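# Report on the structure
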Amino acid sequence: MREIQSTAIGVELNTLLGVVNPIDEDIGILDENGKVLGVIITAEAYQCFLKKVEEEEDRLDAESVKQFQQNRR
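Small disclaimer: the values here were computed from a predicted structure and weren't measured.

### Side note on the overall build of the chain
Counting secondary structure elements, the chain contains two helices and two strands. On C-alpha atoms alone, the chain measures out to a radius of gyration of 19 Å, which is more than a quarter above the 11 Å that the 2.2 N^0.38 rule sets for 73 residues. Over its C-alpha atoms, taken along the principal directions, the chain stretches across nearly 65 × 30 × 25 Å. A burial count over the chain gives 5% of its 73 residues as buried. For the chain, the accessible area works out to roughly 6,900 Å², and carbon and sulfur atoms hold 53% of it. Counting 8 positive and 15 negative side-chain charges, the chain places the centres of these two groups 14 Å from one another.

### Considerations on the pairing of strand β1 (residues 27–30)
Here four bridges tie β1 to strand β2 (residues 36–40), and the two strands are oriented antiparallel to one another. Its bridge partner lying in β2, Gly-28 is registered against Val-39. Hairpin remark: β1 followed by β2, antiparallel, with five residues in the connecting loop; positive phi at Gly-34, about 85 degrees.

### A word on the pattern of salt bridges
Under the definition given, this model contains two salt bridges. A salt bridge links Lys-52 to Glu-55, with the shortest nitrogen-to-oxygen separation between them at 3.7 Å. Here Glu-55 and Lys-52 lie together in helix α2 (residues 43–71), a separation of three residues that amounts to about one turn. A salt bridge links Arg-59 to Glu-56, with the shortest nitrogen-to-oxygen separation between them at 2.7 Å. Of this pair, Arg-59 and Glu-56 both sit in helix α2, three residues apart, which is roughly one turn of the helix. Given a relative accessible area of 45%, Arg-59 falls into the partly exposed group. With relative accessibility at 35%, the residue Glu-56 sits in the partly exposed group.

### Observations regarding the side chain of Asp-31
Structurally, Asp-31 can be placed in the loop between β1 and β2. Buried within the structure, Asp-31 lacks any salt-bridge partner; its nearest side chain of opposite charge belongs to Lys-35, at an N-O separation of 5.5 Å. In terms of polar contacts, Asp-31 uses its side chain to reach the backbone amide nitrogen of Asn-33, at 2.8 Å.

### Thoughts on a nonpolar patch on the surface
Taken together, the side chains of Leu-30, Val-36, Val-39, Ile-41, Phe-49, Leu-50 and Val-53 present a nonpolar region at the surface, about 580 Å² in accessible area. Put simply, the parts of the chain that give the nonpolar patch at least two residues each are β2 and α2. It is α2 that contributes the most residues to the nonpolar patch, three residues altogether. Its place among the elements puts Leu-50 in helix α2.

### Observations concerning a negative patch on the surface
A cluster of acidic residues, Glu-54, Glu-57, Asp-58 and Asp-61, forms a negative patch on the protein surface. Here Glu-54 lies in helix α2.

Cut-offs and rules
Residues numbered from 1 in each chain as written. Predicted model: local features only at pLDDT ≥ 70, side-chain atom pairs only at ≥ 80, totals over all residues. Heavy atoms only, no water. Helix = DSSP H or I, 4+ residues; strand = E, 2+ residues; numbered from the N terminus. Rg over C-alpha atoms; globule rule 2.2 N^0.38 Å. Buried < 20%, exposed > 50% of the residue type's maximum accessible area, 1.4 Å probe, protein only. Areas by Shrake-Rupley, 256 points an atom, 1.4 Å probe, with all protein chains shown as cover. Lys, Arg positive; Asp, Glu negative; His and termini not counted. Charge placed at Lys NZ, Arg CZ, Asp CG, Glu CD. Pairing = 2+ DSSP bridges. Salt bridge = Lys/Arg side-chain N within 4 Å of Asp/Glu carboxyl O. Polar contact = N/O pair within 3.5 Å; in protein donor to acceptor, adjacent residues only side chain to side chain. Patch = residues over 30% accessible without salt bridge, like charges linked within 9 Å, V, L, I, M, F, W, Y side chains within 5 Å.

Encoded structure:
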């Protein structure tokens, strides 16, 4: 993960990040044409994302082992 100090970002973004229990938790960073350049998610959403990625990696690993064992027969 790339990191940046909150003192290095603008006031508007710092304000959005400081909202407690925001209705729309994600913060989209858009270019001048409205194209999404990136998204900032809450720490809780990030932890959930990491958990889901790990679960999927575990599932794929188990599937690979299963296929390997079947091919050895």
